[in-house]
Every structure is written in C-alpha cells, then in structure tokens.
Amino acid sequence: MLTGGPSYTESVNRGPFLTDVAVVGGGAVGWAVAWRCAARGLRVTVHDPAPGSGASHVAAGMLAPVAEAYFGERELTGLLAASAARWPAFAAELAEAAGTGIGYRTDGTLVVGLTGDDLAEARRLWSYQRELGLPIDPLRPSELREREPALTPRVRGGAVAPGDHQVDPRRLVAALRTAAERAGATLVARPVARLSDLDARVTVVAAGCGAAALTGLPVRPVKGQILRLRAPGGGPPGLRHVIRGYADGEPVYLVPRDGGEVVVGATVEERADTEVTAGAVLRLLRAAVDLVPELAEYDLVEATAGLRPGTPDNAPVIGPLPGRPGVVAATGHHRHGIVLTPITADLVADLVVTGEADPLLAPFTPARFAATARAAHCG
Ligand SMILES: Cc1cc2nc3c(=O)[nH]c(=O)nc-3n(C[C@H](O)[C@H](O)[C@H](O)COP(=O)(O)OP(=O)(O)OC[C@H]3O[C@@H](n4cnc5c(N)ncnc54)[C@H](O)[C@@H]3O)c2cc1C
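Residues numbered from 1 in each chain as written. Predicted model: local features only at pLDDT ≥ 70, side-chain atom pairs only at ≥ 80, totals over all residues. Heavy atoms only, no water.

**Q** Any chance you could explain the side chain of Lys223 here in plain terms?
**A** Relative to the elements of secondary structure, Lys223 occurs in strand β10 (residues 220–230). Accessibility expressed as a relative area gives 0% for Lys223, which makes it buried. Polar side-chain contacts of Lys223 include one of 2.6 Å to the side chain of Asp273. When sequence neighbours within four positions are dropped, the list of residues in contact with Lys223 reads Thr267, Val268, Glu269, Arg271, Asp273, Thr274, Glu275, Ala305, Gly306, Leu307 and Arg308. (Helix = DSSP H or I, 4+ residues; strand = E, 2+ residues; numbered from the N terminus. Buried < 20%, exposed > 50% of the residue type's maximum accessible area, 1.4 Å probe, protein only. Polar contact = N/O pair within 3.5 Å; in protein donor to acceptor, adjacent residues only side chain to side chain. Contact = heavy atoms within 4.5 Å.)

Now the structure itself:
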C-alpha cells in the first residue's frame, strides 16, 4: 500500500533500529547521500552487490545546467542550476574528505553547429536558454576556433556556456565512497530484494534503474552508448572545453579529461539492454571526427553502454515515498545524476535529520507518481 500509512515524521520516530540510514544503491547518488548522512553523525549502511557499476560508471560527467536546459523543463532547469551552484564547494570538500581529486574542471562548454541546419537547431535551443536568463553567449566561427583551435574550420557557428563544467564520474564515485567510509558508512555487498528486509530508521532508495522494482515508481532504463578515446602517446587531449553540438544532424558531445581521455557520447535509446552496436559507434565517431578531425588519430579505448534512470517527466524523484513509512526516494536522475549529486545528497540528508523536505524538492516529490506506483504495486 502506498497511501494511508503513517507520515514520514511519524514513521522515523519508531525504533530501535540496527542502523539510522540504509542506502540502497552505491552509485554517485547513493554514496553522496551516505557521505552527507554519515558526516552528520548518523549510522549508515550502503547496500549494493556491485557498487559503482551502474549509470555513474559510464556517465560523461558534464555539469551542464545551461546546455541541458530544454523546452518545457523549467523546474528541472532550476534544480540543475541550484545543484551546479553547489558544485565548486562540494568538489573542494570532497577532495579534502577523500584525499583525492575528482577531475573537476571549469573550462566551460562550447555549443557548435557543423552545417547551417545544425546551427539553426543549436541556435533555437540557446535562444530559449538566453530567454531564461542563463549564461550562454553566441560566438562566430573565428571566435570558436580561437578558443578551441582543434575544431574543424567547417563549423558554422556556436555559443559558449562558461558555467557548464565537468567532473570525472568514476573518480567522483570512488572519492564519494572513500569519504563516506571515512565518515563511518559501511558497505553491505548484497542486493536488496525487499525494502522491508532492512532494519533502518530511514531507508533511502538510490538504486537508479533498480528503484522501480523496489518501490513501484515509474523509473525506466534509457540506454546510452558512449565511447572513450585516448590521445596518442599518452599526452593531453588537443581540446580543453567540453564541446557539444550537432554534426550533420547527429547530436554529439566531447568531454576532454586531464589524463588524455576524450569521452564521446552518447546515444539516447528507449531500450534496457547494454549491448554496444556497430551503428552507434560509427555514428558517434563520425560526428566526433566531423567536429574535431584530430580525434581520428586517437586510440579507441572503450565502447560501453549504460542505463539512465528515466522518469515520465525527465525529472528526478526525491522525497518521502507516500504510504511507505521511513522510505525516501533519491532516484530517477535520468541524464542529470552527476550534476544533481550535491543537491540530492544535501537535501536528502536534511530530510533524514529534520523530517522536513526542502521546498526546492516540491516539484520532484514521489507523490506526483503515487497513482502509478500504487497500480504497479498492486498489479
Ligand atoms: C551514457 C550516459 C552518459 C551520461 N552522462 C551524464 C552527464 O554527462 N552528466 C550527468 O549529470 N549525468 C549523466 N548521465 C546520467 C547519470 O549517469 C545518472 O543519472 C546517474 O549516474 C545516476 O546515479 P545513481 O547513483 O542514481 O544510479 P547508478 O549509478 O545507476 O547506481 C545505482 C546503483 O544501485 C545498485 N542497485 C540497483 N538495484 C539494487 C538493489 N535491488 N539492491 C542493491 N543495489 C541495487 C546498482 O548496482 C548500482 O550500483 C549519463 C548517463 C549515461 C547512461
């Protein structure tokens, strides 16, 4: 039953319990919640048979509240911006707590169009983003190439989003786990079959695509294929900015990392398998090389696929689960789980400690899907 149970506040006053907080899922979201809760002195367990192996492992790591501001998603855009604003302090605090870097870079993002049609499509979106007051400024082709000489001279135009940054998600998850464990959180390396098996004052479901089976929430897998290239000779990549854009109608992004890696992504497919297909690799590589020709000389070191936890309105599901005493959802982050990691972790930790959901979470509450979840649970 999803309705009619005690309220969240009533339920957390039950007890005694084996632990204060059980976090189901050890991806970026789960470990960040665990870290923030453990740092507040709570006893925390993280339950995951394969921590760090989900969407967070394949993600590109763009922190792009501006370039990812799409039509019809104003509330989500607000949350992305609020989380991105927390990133500088979050990254610094995490590096300190874990004693390791996370590849956080603030070089900014260039949005480009290869052909006239590509530019028209990109311009339509950035005009909307400018209408929202977001920082994105058009650039001429010569200005683009001044900033990023590796771009093809064929690029017809673009824009710069100076506040859209990036982080390395694999280093992020490793650092979050270290920080959480240093703060006292412990891993239970087993899958959770039923939430009722957990003996915790509060259970936080941060299981990505696994959340649907545990909660009945409408979280569905959205497949993304993604590549990792490496600059020849182990040198740094020949580009500095994140580059996003269209190349002959093909959307693509390039994320250069300090160690010489360039991430090329990603497909968006309504599928639940993680096979890598020749067609997807071909399309991604062609678009990447069309925008930055020197990438043809790079080594192709990884081709992989992951499953984004998507929701019907593309927004995350964060907050108390109606009718499930002491259960909090922190899932459904779809394309934005990395950028949304700081705000999710902070607001979930606040909720766990105070019993009150921050007003920022109002549009993202699981209650908006209560009817769907109830039907799934009864069915
Ligand atoms: C190709 C691709 C590119 C992306 N690029 C970006 C990007 O640039 N920027 C961005 O912000 N986001 C990006 N994303 C989205 C981002 O990866 C996700 O939103 C984010 O990783 C979700 O994190 P999570 O911790 O909720 O889930 P996950 O990382 O999927 O972790 C969930 C964990 O839960 C565990 N689990 C599941 N079921 C159970 C169970 N029953 N019991 C115990 N454990 C369980 C799994 O083993 C897994 O470790 C991208 C995603 C993809 C696929």
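**Q** Help me understand the site of the ligand, please; the structure alone is not making it clear to me.
**A** Around the ligand there are 40 residues in total, and Asp48, Ser56, Met62, His334 and Arg335 lie nearest to it. Val29 places a polar main-chain atom, nitrogen or oxygen, 3.1 Å from an oxygen atom of the ligand. In the model, a nitrogen atom of the ligand is placed 3.2 Å from a nitrogen or oxygen of the Ala60 main chain. Notes on the ligand: free accessible area 1,000 Å², of which the protein chains cover 92%. The dominant element in the shell around the ligand, judged by the number of residues it contributes, is helix α3 (residues 55–58), at three residues. By residue class, the composition of the shell around the ligand is 20 nonpolar, 17 polar and three charged. The residue makeup of the shell around the ligand includes at least three contributed by each of domain 1 (8–58 + 169–219 + 312–378) and domain 2 (109–162 + 221–309). (Near = heavy atom within 4 Å. Areas by Shrake-Rupley, 256 points an atom, 1.4 Å probe, with all protein chains shown as cover. Nonpolar A, V, L, I, M, F, W, Y, C, P; charged D, E, K, R; others polar. Domains from an automatic or database assignment.)

**Q** What is the right way to read the domain arrangement of the protein chain from this model?
**A** Accessible area lost when the parts come together is the quantity often used to give the size of an interface. Considered domain by domain, the protein chain is made up of domain 1 (8–58 + 169–219 + 312–378) and domain 2 (109–162 + 221–309). Summarising the inter-unit geometry, the C-alpha centres of domain 1 and domain 2 are found 31 Å apart. Contact with domain 1, which involves 13 residues of that partner, is made by 13 residues of domain 2. Considering only the surface of domain 1 that becomes buried against domain 2, Val58, Cys209 and His334 emerge as the three largest contributors, covering 49% of it. The tally of links from domain 1 across to domain 2 stands at one salt bridge. Glu302 is the partner of Arg170 in a salt bridge, and the nearest nitrogen-oxygen pair spans 2.7 Å. Of all the secondary structure elements, the ones that give two or more residues to the side of domain 1 that touches domain 2 are α3 and α7 (169–182). Looking at the side of domain 1 that touches domain 2, the element that brings in the most residues is α3, giving three residues. Of the residues that constitute the side of domain 1 that touches domain 2, the class distribution is five nonpolar, six polar and two charged. (Buried area = accessible area lost by both parts, 1.4 Å probe. Salt bridge = Lys/Arg side-chain N within 4 Å of Asp/Glu carboxyl O.)

**Q** Is there a simple way to explain the side chain of Gln225 in this structure?
**A** Structurally, Gln225 can be placed in strand β10. A relative accessible area of 2% places Gln225 in the buried class. A polar contact of 3.0 Å, which involves the side chain of Gln225, links it to the side chain of Glu269. Of the polar contacts made by the side chain of Gln225, one reaches the backbone nitrogen of Thr277; its length is 2.8 Å.

**Q** Would you take a moment to explain the pattern of salt bridges for this structure?
**A** As enumerated under the stated definition, the model contains 25 salt bridges in all. A salt bridge links Arg86 to Asp346, with the nearest nitrogen and oxygen atoms 3.0 Å apart. Remark: Asp346 occurs in helix α10 (residues 341–354) and Arg86 occurs in helix α4 (residues 74–98); sequence separation between them is 260 residues. The exposure class of Asp346 is buried, given its relative accessible area of 12%. The partner of Arg257 in a salt bridge is Glu261, and the shortest N-O contact between them spans 3.2 Å. Across the pair, exposure class does not vary: Arg257 and Glu261 are buried alike. Among the ionic contacts, a cluster of salt bridges with common partners joins Asp168, Arg170, Arg228, Arg230, Arg257, Glu261 and Glu302.

**Q** Before we go on, may I ask you to explain α4 in this structure?
**A** The α-helix advances 3.6 residues per turn, and as a result positions three or four apart in sequence lie on the same side. Its 25 residues give α4 an end-to-end C-alpha distance of 34 Å, which sits within 8% of 36 Å, the value for a rise of 1.5 Å per residue. By the largest-angle criterion, Trp87 marks the main kink of α4, which is about 40°, and a proline, Pro88, follows within four residues. For α4, the complete set of buried residues consists of Leu76, Thr77, Leu79, Leu80, Ser83, Ala84, Trp87, Phe90, Ala91, Leu94 and Ala98. For α4, the elements touching its buried residues are α2 (28–38), β3 (62–63), α7 and α10. Following α4 by one or two positions, Gly99 adopts a phi angle in the positive range, close to 70°. (Expected span 1.5 Å × (residues − 1). Bend = angle between axes of the 7 residues up to and from the residue.)

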